[in-house]
Amino acid sequence: MSPLLLEGLTDAAGFVLGGLVGFGVARLLGFDLFAQGYGDGSVIAIVAVGLGAGMGRALARRWRMRRQAQDKPTPRG
């Protein structure tokens, strides 16, 4: 698989899954993303989804970098 395709897919998966986790956490705390208007609860839910998506993408990148480092052969001296 192309390294760029793998990078894009892992970033997208981490972003979407992180956003879903943020949405779930907001719902558990009682904040409704789809509430009528832009009340405090709706804005907090939007922030939670954004933070979750960003953290999910960062975790996906960290996982991909760690995996690439393990797959790379180490030079023997």
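Just so it is clear, the model here is predicted, and its values are computed rather than measured.

Draft legend 1. How the structure looks around the overall build of the chain. In terms of helices and strands, the chain carries two helices and zero strands. Rg of the C-alpha trace for the chain: 17 Å, well past the compact-globule value of 11 Å for 77 residues, more than 25% over. Taking the principal axes of the C-alpha coordinates as reference, the chain spans close to 65 × 20 × 15 Å. Long-range contacts, defined here as pairs at least 24 residues apart, represent 60% of the contacts in the chain between residues at least 6 apart. For the chain, the exposed area adds up to about 6,100 Å²; of that, 67% sits on carbon and sulfur atoms. In the chain, which carries 9 positive and 5 negative side-chain charges, the distance between the mean positions of the two groups comes to 13 Å.

Draft legend 2. Up close: helix α2 (residues 40–71). Between its first and last C-alpha atoms α2 spans 46 Å; for 32 residues at 1.5 Å apiece the expected length is 46 Å, and the two agree. Among all positions in α2, only S42, A45, G52, A53, G56, A60 and R64 are buried. Summarising the contacts, the buried residues of α2 are in contact with α1 (3–28).

Draft legend 3. Representation of a nonpolar patch on the surface within the structure. The grouping of Y38, V43, I46, V47, L51 and M55 at the surface amounts to a nonpolar patch, some 650 Å² of accessible area in total. Following the sequence through the fold, V43 ends up in helix α2.

Draft legend 4. Molecular detail of α1. The first and last C-alpha atoms of α1 sit 37 Å apart over 26 residues, in line with the 38 Å expected at 1.5 Å per residue. Along α1, the positions that sit buried rather than exposed are T10, D11, G14, G18, G19, G22 and A26. After α1 finishes, the residue G30 shows a positive phi value of roughly 95°.

Draft legend 5. Expanded view of the side chain of S42. Assignment of secondary structure puts S42 in helix α2. Residue class for S42 comes out buried when judged on its relative accessible area of 4%. Within the local environment of S42, its side chain forms a polar contact with the backbone oxygen of L33, the two atoms lying 3.4 Å apart. Every residue in contact with S42, bar those within four places of it in the chain, is listed here: D32, L33, A35 and G37.

Parameters and conventions
- Residues numbered from 1 in each chain as written.
- Predicted model: local features only at pLDDT ≥ 70, side-chain atom pairs only at ≥ 80, totals over all residues.
- Heavy atoms only, no water.
- Helix = DSSP H or I, 4+ residues; strand = E, 2+ residues; numbered from the N terminus.
- Rg over C-alpha atoms; globule rule 2.2 N^0.38 Å.
- Contact = heavy atoms within 4.5 Å.
- Areas by Shrake-Rupley, 256 points an atom, 1.4 Å probe, with all protein chains shown as cover.
- Lys, Arg positive; Asp, Glu negative; His and termini not counted.
- Charge placed at Lys NZ, Arg CZ, Asp CG, Glu CD.
- Expected span 1.5 Å × (residues − 1).
- Buried < 20%, exposed > 50% of the residue type's maximum accessible area, 1.4 Å probe, protein only.
- Patch = residues over 30% accessible without salt bridge, like charges linked within 9 Å, V, L, I, M, F, W, Y side chains within 5 Å.
- Salt bridge = Lys/Arg side-chain N within 4 Å of Asp/Glu carboxyl O.
- Polar contact = N/O pair within 3.5 Å; in protein donor to acceptor, adjacent residues only side chain to side chain.

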